[in-house]
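One letter stands for each residue in the lines below.
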Amino acid sequence: MLTEKWMGRERLVRVVLVCVLAMSGALAWAQQPLQYERNVPMRTRDGVVLRADVYRPLTGGTHPVLLQRTPYNKDGGVQFALEAVDRGYMVVIQDVRGRYASDGDWYPFKNEMNDGYDAVEWAAGLPGSNGKVGMWGGSYVGATQMLAAVTHPPHLAGICPVVTASNYHENWTYQGGAFEQWFNESWTSGLSQDTLDRKIRRESKPADDVNVLPLTQYPVLQSKMQTGSVETSRELAPYFEDWAKHTEYDDYWKQWAIAERYGEIRVPALTVAAWYDIFQGGSVRNYMGMRDHAGTEEARNGQRLLIVIGGHAGGGRKIGAVDFGDAAAEYDEGKVTLDWYDYLLQGKQNEFARPDRVKLFVMGDNKWRWEKDWPLERAKETKFYLHSDGKANSSAGDGKLSLTEAAKETADSFVYDPAKPVPTTGGPLCCGPFNGMLGPQNQSTVEDRKDVLVYTTAPLDHDVEVTGQVKLELYAKSSAVDTDFTGKLVDVGPDGFAKNLTEGILRAKYRESTLGAAELMKPGEVYKFEIDLWSTSNVFKKGHSIRLEVSSSNFPRFDRNLNTGKSASESAAMVKATNTILHDAAHESVLVLPMVPQE
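Residues numbered from 1 in each chain as written. Predicted model: local features only at pLDDT ≥ 70, side-chain atom pairs only at ≥ 80, totals over all residues. Heavy atoms only, no water.

## Concerning the state of the cysteines
Next up, step 1: Taken as a whole and assessed by the stated rule, the structure comprises one disulfide.
Next up, step 2: Each sulfur in the disulfide pair C430 and C431 lies 1.7 Å from the other. Between C430 and C431, the S-S dihedral sits near 55 degrees, and the bridge is therefore right-handed. (Disulfide = S-S within 2.5 Å.)

## Structural notes on the pairing of strand β14 (residues 303-308)
Next up, step 1: In terms of burial, β14 is largely enclosed, as six of its six residues are buried.
Next up, step 2: Judged from the six bridges that link them, strand β13 (residues 269-274) and β14 form a sheet pairing that is parallel. Across the sheet, the residue bridging to V272 is L306, located in β14.
Next up, step 3: Sheet topology note: the β14/strand β17 (residues 358-362) ladder contains three bridges and is parallel. Each residue of the ladder has a partner; that of L306, found in β17, is K359. (Buried < 20%, exposed > 50% of the residue type's maximum accessible area, 1.4 Å probe, protein only. Helix = DSSP H or I, 4+ residues; strand = E, 2+ residues; numbered from the N terminus. Pairing = 2+ DSSP bridges.)

## What to know about the pattern of salt bridges
Next up, step 1: Counting across every chain of the model gives 38 salt bridges.
Next up, step 2: Between R38 and D75 there is a salt bridge; the shortest N-O distance is 2.8 Å. Remark: D75 occurs in the loop between β7 (63-70) and α1 (78-86) and R38 occurs in strand β5 (residues 34-43); sequence separation between them is 37 residues.
Next up, step 3: Of the residues examined, D75 reaches a relative accessible area of 10% and is grouped as buried.
Next up, step 4: In this structure, D559 engages R507 in a salt bridge whose closest nitrogen and oxygen atoms are separated by 3.0 Å. (Salt bridge = Lys/Arg side-chain N within 4 Å of Asp/Glu carboxyl O.)

## Some remarks on helix α11 (residues 333-346)
Next up, step 1: Under the 1.5 Å per step criterion, the end-to-end length of α11 is 19 Å for 14 residues, consistent within 8% with the ideal 20 Å.
Next up, step 2: Of all the residues in α11, the buried ones are G334, V336, T337, L338, D339, W340, Y341, D342 and L345.
Next up, step 3: Residues of α11 that are buried sit in contact with β7, α1, β9 (129-138), β10 (156-162), β13 and β14.
Next up, step 4: N-cap assignment for α11: the residue whose side-chain oxygen lies 3.0 Å from the backbone N of G334 is D332.
Next up, step 5: One or two positions beyond α11, positive phi appears at G347, with a value near 70 degrees. (Expected span 1.5 Å × (residues − 1). Contact = heavy atoms within 4.5 Å. Polar contact = N/O pair within 3.5 Å; in protein donor to acceptor, adjacent residues only side chain to side chain.)

## Section: the side chain of S553
Next up, step 1: When you line up the elements, S553 lands in the loop between β27 (545-551) and β28 (577-582).
Next up, step 2: Among the residues examined, S553 registers a relative accessible area of 7% and is labelled buried.
Next up, step 3: At 2.8 Å, the side chain of S553 and the backbone nitrogen of V422 are in polar contact.
Next up, step 4: Once you skip the residues sitting within four places of it in the chain, S553 turns out to touch Y416, P421, V422 and T486.

## Focus on the packing of aromatic side chains
Next up, step 1: Scanning the model with the defined rule gives 34 aromatic pairs in all.
Next up, step 2: Over the ring of W106 we find R99; its NZ or CZ atom is 5.3 Å from the centre of that ring. (Phe/Tyr/Trp six-rings, centres within 6.5 Å; stacked < 30°, edge-to-face > 60°. Lys NZ or Arg CZ within 6 Å of the ring centre and 35° of its normal.)

## As for the side chain of S102
Next up, step 1: Looking at where S102 falls in the secondary structure, it is placed in the loop between β8 (90-95) and α2 (112-124).
Next up, step 2: By relative accessible area, which is 1% here, S102 ends up buried.
Next up, step 3: Polar contacts involving the side chain of S102 include one to the main-chain carbonyl oxygen of D95, which spans 2.5 Å.
Next up, step 4: In contact with S102, other than residues within four places in its own chain, are V49, L50, R51, D95, V96, R97 and R198.

## Topic: the packing of helix α4 (residues 181-204) against helix α7 (residues 238-245)
Next up, step 1: Viewed as axis vectors pointing N to C, α4 and α7 meet at an angle of 160 degrees, and their least axial separation amounts to 10 Å. Judged by the inter-axis angle, α4 sits roughly antiparallel to α7. For the pair α4 and α7, the crossing hand works out as right-handed. From α4, N184, E185, W187, T188 and L191 reach across to α7, where they touch Y239, F240 and W243.
Next up, step 2: Looking at the contact of α4 with α7 residue by residue, the class counts come to five nonpolar, two polar and one charged. (Axes fitted to C-alpha atoms, helices over the stretch in contact; angles between N-to-C directions. Parallel < 35°, antiparallel > 145°, perpendicular 65-115°, else oblique. Left-handed = near helix turned anticlockwise from the far one by under 90°. Nonpolar A, V, L, I, M, F, W, Y, C, P; charged D, E, K, R; others polar.)

## Looking at the confidence of the model for the protein
When pLDDT drops low, the exact placement of atoms in the prediction is not to be read closely.
Next up, step 1: When pLDDT is averaged along the protein, the result is 90, and 89% of the positions lie at 70 or above.
Next up, step 2: Of the regions scoring below 50 in pLDDT, residues 1-27 engages in 61 contacts with residues more than four places distant in sequence or in other chains.
Next up, step 3: In this model residues 207-232 is a low-confidence stretch, pLDDT under 50, and it forms 34 contacts with partners more than four residues away in sequence or in other chains. (pLDDT = per-residue confidence, 0-100.)

Have a look at this one:
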């Protein structure tokens, strides 16, 4: 039963016993009476009005507040809000500046520190609040938490950032110096729809109309769009051009870098990372950075890390082409978030009260496991050496991977042609439809290519666990002044299914540091490249093989290196590069795996 009454200019909806709240076509259930306010305005310090939906229990007294600030439409948080109210929380979900119901102009990261501070303090002062505010959510919604936390608002009591980055240059827009092309283009394209809708409303409706109207209601605008005379990327997404222009880690990126501000964070955090997530590297860095450098002892001791499987690549028991079993299906992001805040804000003794800091999903064994910390103390970095007689091209070649040190061996070479890049096949991807699919996929087709070097161990005679950061050290040379080197760790089953686990890339001109200035190569000169393949936790079962793929492209996940030292925005010219991997006694190219002793 729904009853409504008007109090001043606020619309209050009272939900009695079990009711259904319909919003934007979505249904959600509440188990106890609650109060709901829509589009509650908050004015920022510079005068912009942001709007939020507020959910309160009708049980009397005051309650801790869970705040989310999102660019993805606050209407999408209804189900979580009702579940949180059932647990005794007040919930505030706010559209960030320039998105959906909120005023202002949208530009990622730019306003989230000041707006986040203002929103936390505003939410803490709302009727029904007990003054303690926790934040939650993933991806960019994780960024709104991190950016608010570095301003240390007095009433912020905790955060729960899920699958989000630590640096919006490296491990958001770029990785290893390469442009995250698929993510940057697809994410920006999705966000641009609301920017376009807002432009249409400004030109066609009163400025105070905050309801999103279908594009089909504006045939004049549609006609202009079809002639190409209305929108450009600069109008709809000026930040995309800025991202492409600022290829190096300069002041543009430093102004909102999280990794340089861990000391300003003064609250506990539950960081959620995922093995096949596009922000996995940054999520793990955030946990370690806050654990080691947060501004108070309470905050440092209060860090927790949960590592799940899919993240942006999907959820549930089946991710990509792999079924990870019943245990994988146990993960429920909303429940975990509420358990975290039950522990942190309500003092309940649940699994987060245990002394262990880290919970992770171990693939292969397909089970959850608690660990004291990350990285695992008992994990031993173990070098697997690359071997061949110079013919490691494709899985049909002679490339081998073993614990035996290299001796006198012939180097492996391949031709990387930017016009024919190695196609992205699964892996950590976001967002929108992708022909190569997401997460773990069979790499057999990729490994048929001659421009992919493949190194494989003999079938294992016992289970081997790898848990931690995976690194690739290559001695290589190129005929070009710049090129990319990619690496991919693969679990090969007895049936030949080659399951990708984790991967990385390094643009050669950033070999000294992806946060430093570029330095072109001298063609034919040998350099050492250290490639971060990020982390994994996988048990290679008896009879399986450990495999490494080495190449120079992974497109369209990353932009193609044109081998000229220039980006595509500077010049469309491209050249082929002959790239050579050395693996002899003087040039020990190795895959470094953190191996965990079997109990």
